[in-house]
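Here is how the chains run, residue by residue.
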Amino acid sequence: MNLKIFLFIELLILFFISSASALVIGSDEEEIYIDANFSGKNLLVFGAFYSDPSQARDNKSDILIEVVGPTEDVVIRKKESFFGFWLNSKSVGFNDVPGFYYLSSTSEITTEFLDENNIGLLNKKDAQLIDWSALNIDWGNIKNEKEKDSFYAALIRTKESKDLYRQVNGEIDIIDGNLFRSYIEIPNTVPVGQYRVNLYLIIDNKISNEYSYNFIVTRVGIEEAIYSFSKNYPLVYGLISLVIAILIGWSGAEVFKRFRKV
Amino acid sequence: MSIYLPIAELSVNIFLLLSLGGVVGFLSGMFGLGGGFLMTPILIFIGIPTNVAVATSANQIVASSISGTIGYWRQGLVDFKMGGVLLIGSFFGSILGVWIFSRLVVLGQIDTVISILYFALLTSIGLIMLAESSQVIRDRIRRKTVKRKIHYHNWAHKLPFKMKFYKSKLYISAIPPIIIGFVIGILSATMGIGGTFILIPAMIYFLGMPTSKVIGTSLFQIIFVTALVTLLHATTTFAVDAVLAFFLIIASVIGAQLGVLAANKLRGEEIRALLAIIVLGVATKIALDLLVEPNEIFNISVIRALF
């Protein structure tokens, strides 16, 4: 409740400062810790928005939330049939791809709108039209445009199948006409690093206000300690794995030797 | 109850892991096999990445072969000198094997190559075991006893660099055991197996070792091959999952001891025939995965920055 009151006060202040539309953001965390039991945390994004009162009241206003994860390098491989066997053949390396991408809106947003404003990477029908300029792509020996498109599509499809790329609408709750709240599901397979949340207030199919902030995803717990230890001290890690195997193997033989004598 | 595997990067049911380790351990204790040839493909079936399955199996075999070797060593059935000569070959074989493995990972062909190797291996093991056990069952029905040769003399005795192996009562060239060790080393590093089922017949037929000393000696050398393979994988492919290995080891060591107890009480041939059918079933599943058109012909792999 305090939250709502706080937001309303802010909203009122904004109302007095300016008669134009406004967008205020609150967020419940700046850091998300992922441990072994993490089964997908819901990141709460909330805020208040205010349409321009000089405009007609029935003007359509929408909220758009975009979450972009840290970049990573991926390889997409295509299987082809060789004498009946399905083997990996062609591969394309995509560098600096967002490891996580989420786009949510109060109502369905048109492709044209997203294209015009350079938002989104999930719903473009013509993959080559996407602004992939930020990506550094190693096409190998692939030259055919159509085949390139199939790799773009596969990148998005495989990411979607792991819930790492999502586009939804109608998952933002609007409360009292001016407050919004949304829970964004972060699956436990997300990459660690800095995430950027971009919010847009859209009035009459135009971006009226926007606001961005960052949060960090960190892995914690014994499993994470094991992971980083195995990368930082591989030889020691290997030796410890061996010692564990030797001790259990040995004690197993000893325990059962006694057991058999009895 | 599920547990998150830090290197495989997925959650797996703990009881699934324990029962897998237990069953494979039981079979290996019963038949004196390492069990890696069943462990690795089943791990892949339950969704563990191929490289993690291979590297972790090697780690698990270290434990089960130590457990087994101790028993044979107490009975004086381990030829340490022969084991040592085999290891010279295995040392170089496993280095080459891990190198081949990491090249295949980079080329994106590791899954396919492992599948084909396993299909070939499991089909031959399954058919041989099935033929052998059904022969024994038929002989028993006809009340026939088969006489087996104890000692083989062949070309392995004519090569240079002859060495005396007192325990095995052999005077043979060191070259054949080194070559056998080399091949086992490659297979161990690429497939995550100890290689008992190849090593044992090779030692009997090529080296002419007495059957009684063969199992203990092969287990003894497998400890060191798989230990080396574990270290090589930990440092080059980073694919050894200590948490996965821990649960498999606990269950397989207990399973192996129970398997040894059960082996004394149960008749071998029927169970061997059953194992042969399981092995052939696994081989069929691998073949289908290779031959049936996948739903998604594209796959994605994230290149992990190594820091």
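How each quantity is defined
Residues numbered from 1 in each chain as written. Chains lettered and ligands numbered in written order. Predicted model: local features only at pLDDT ≥ 70, side-chain atom pairs only at ≥ 80, totals over all residues. Heavy atoms only, no water. Helix = DSSP H or I, 4+ residues; strand = E, 2+ residues; numbered from the N terminus. Buried < 20%, exposed > 50% of the residue type's maximum accessible area, 1.4 Å probe, protein only. Contact = heavy atoms within 4.5 Å. Salt bridge = Lys/Arg side-chain N within 4 Å of Asp/Glu carboxyl O. Buried area = accessible area lost by both parts, 1.4 Å probe. Polar contact = N/O pair within 3.5 Å; in protein donor to acceptor, adjacent residues only side chain to side chain. Nonpolar A, V, L, I, M, F, W, Y, C, P; charged D, E, K, R; others polar. Pairing = 2+ DSSP bridges. Core = buried A, V, L, I, M, F, W, Y, C linked by side-chain atoms within 4.5 Å. Axes fitted to C-alpha atoms, helices over the stretch in contact; angles between N-to-C directions.

Chemist: What exactly am I supposed to notice about the overall build of chain B here?
Modeler: Secondary structure assignment for chain B yields ten helices and five strands. When the 307 residues of chain B are sorted by exposure, 54% land in the buried category. In chain B, the proportion of contacts linking residues at least 24 apart, taken out of those at least 6 apart, comes to 76%.

Chemist: I keep staring at the pattern of salt bridges and nothing clicks. Help me out?
Modeler: A side chain of one charge can pair with a side chain of the opposite charge if their charged atoms are brought near each other. For the structure shown, the criterion picks out five salt bridges over all chains. As a salt-bridge pair, B:R74 and A:E254 come within 2.7 Å of each other at their nearest N and O atoms. Of this pair, B:R74 sits in helix α3 (residues 50-74) while A:E254 is found in helix α5 (residues 234-261), placing the two residues in two different chains. Salt-bridge contacts for B:D289 lead to B:K285; the nearest nitrogen and oxygen are separated by 3.0 Å.

Chemist: Which parts of the structure should I look at to understand the interface of chain B and chain A?
Modeler: Many authors give the size of an interface as the accessible area that is lost as the parts come together. With 52 residues of chain B at the interface, the matching set in chain A holds 49 residues. Roughly 4,800 Å² of surface becomes buried between chain B and chain A when both sides are summed, with 66% attributable to carbon and sulfur atoms. Ranking the residues of chain B by area buried against chain A places B:Y4, B:F298 and B:I300 at the top, with a combined share of 15%. Counting the contacts that link chain B with chain A gives one salt bridge. Linking chain B with chain A are eleven residue pairs in polar contact (both at pLDDT 80 or more), by the criterion used here. Those elements giving two or more residues to the side of chain B that touches chain A turn out to be α3, α4 (80-107), α8 (211-236), α9 (242-265), α10 (268-291) and β5 (298-303) of chain B. In terms of residues, the side of chain B that touches chain A owes the most to one element, α9(B), which gives eleven residues. Residues that form the side of chain B that touches chain A fall into these classes: 36 nonpolar, ten polar and six charged. Both strand β5 (residues 71-82) of chain A and β5(B) contribute to a ladder of six bridges, which runs antiparallel. Counterpart to A:I76 in the pairing with β5(B) is B:I300.

Chemist: Sorry, what's going on with the nonpolar core here?
Modeler: Within soluble globular proteins, side chains that are nonpolar tend to cluster in buried spots. Grouped together as the largest cluster of nonpolar side chains are 53 residues, with contacts concentrated most on B:L5, B:F37, B:I48 and B:Y118. Setting aside residues no more than four positions away along its own chain, B:I48 makes contact with B:L5, B:A8, B:L10, B:V12, B:L43, B:A53 and B:L244. Counting 49 residues, the second largest nonpolar core, distinct from the first, contains A:F100, A:F151, A:F180 and A:Y213.

Chemist: Help me understand the side chain of B:Q60, please; the structure alone is not making it clear to me.
Modeler: Residue and element names in this part refer to chain B. By the secondary structure assignment, Q60 is in helix α3. Within the structure, Q60 has its side chain in polar contact with the side chain of S252 (distance 2.9 Å). Aside from chain neighbours lying at most four places away, what touches Q60 is M39, L248, I249 and S252.

Chemist: Explanation requested: the sheet that holds strand β4 (residues 61-68) of chain A in the structure shown.
Modeler: Within a beta sheet, neighbouring strands are joined by backbone hydrogen bonds and run either parallel or antiparallel to one another. Residue and element names in this part refer to chain A. Taken in spatial order, the six strands make up an open sheet running β2-β13-β12-β4-β7-β9, and their pairing is mixed. Looking at which strands have only one partner, the edges of the open sheet turn out to be β2 (31-34) and β9 (165-169). Neighbour-to-neighbour, the strand axes of this sheet turn through a mean angle of 15°, independent of strand direction. Alignment of β4 against strand β7 (residues 101-105), held across five bridges, turns out to be antiparallel. In the strand pairing of β7, E66 is matched with L103.

Chemist: Is there a simple way to explain the pairing of strand β4 (residues 170-173) of chain B in this structure?
Modeler: Side-chain direction in a regular strand flips from residue to residue, so the side chains alternate between the two faces of the sheet. Residues and elements named next belong to chain B. Sheet topology note: the strand β3 (residues 162-165)/β4 ladder contains four bridges and is antiparallel. Paired with F165 across the bridge in β4 is L170. From the end of β3 to the start of β4, which pair antiparallel, there are four residues, and K169 there has a positive phi angle of about 55°.

Chemist: What's the story with the environment of A:E116 in this structure? I'm lost.
Modeler: Tracing the chain through its elements places A:E116 in helix α2 (residues 111-117). Since its relative accessible area comes to 65%, A:E116 is described here as exposed.

Chemist: Could you clarify how one ought to interpret the side chain of B:Q257 in this entry?
Modeler: Residues and elements named next belong to chain B. Locating Q257 in the fold gives a position in helix α9. A relative accessible area of 6% means that Q257 is categorised as buried. A polar atom in the side chain of Q257 sits 3.1 Å from the side chain of S67.

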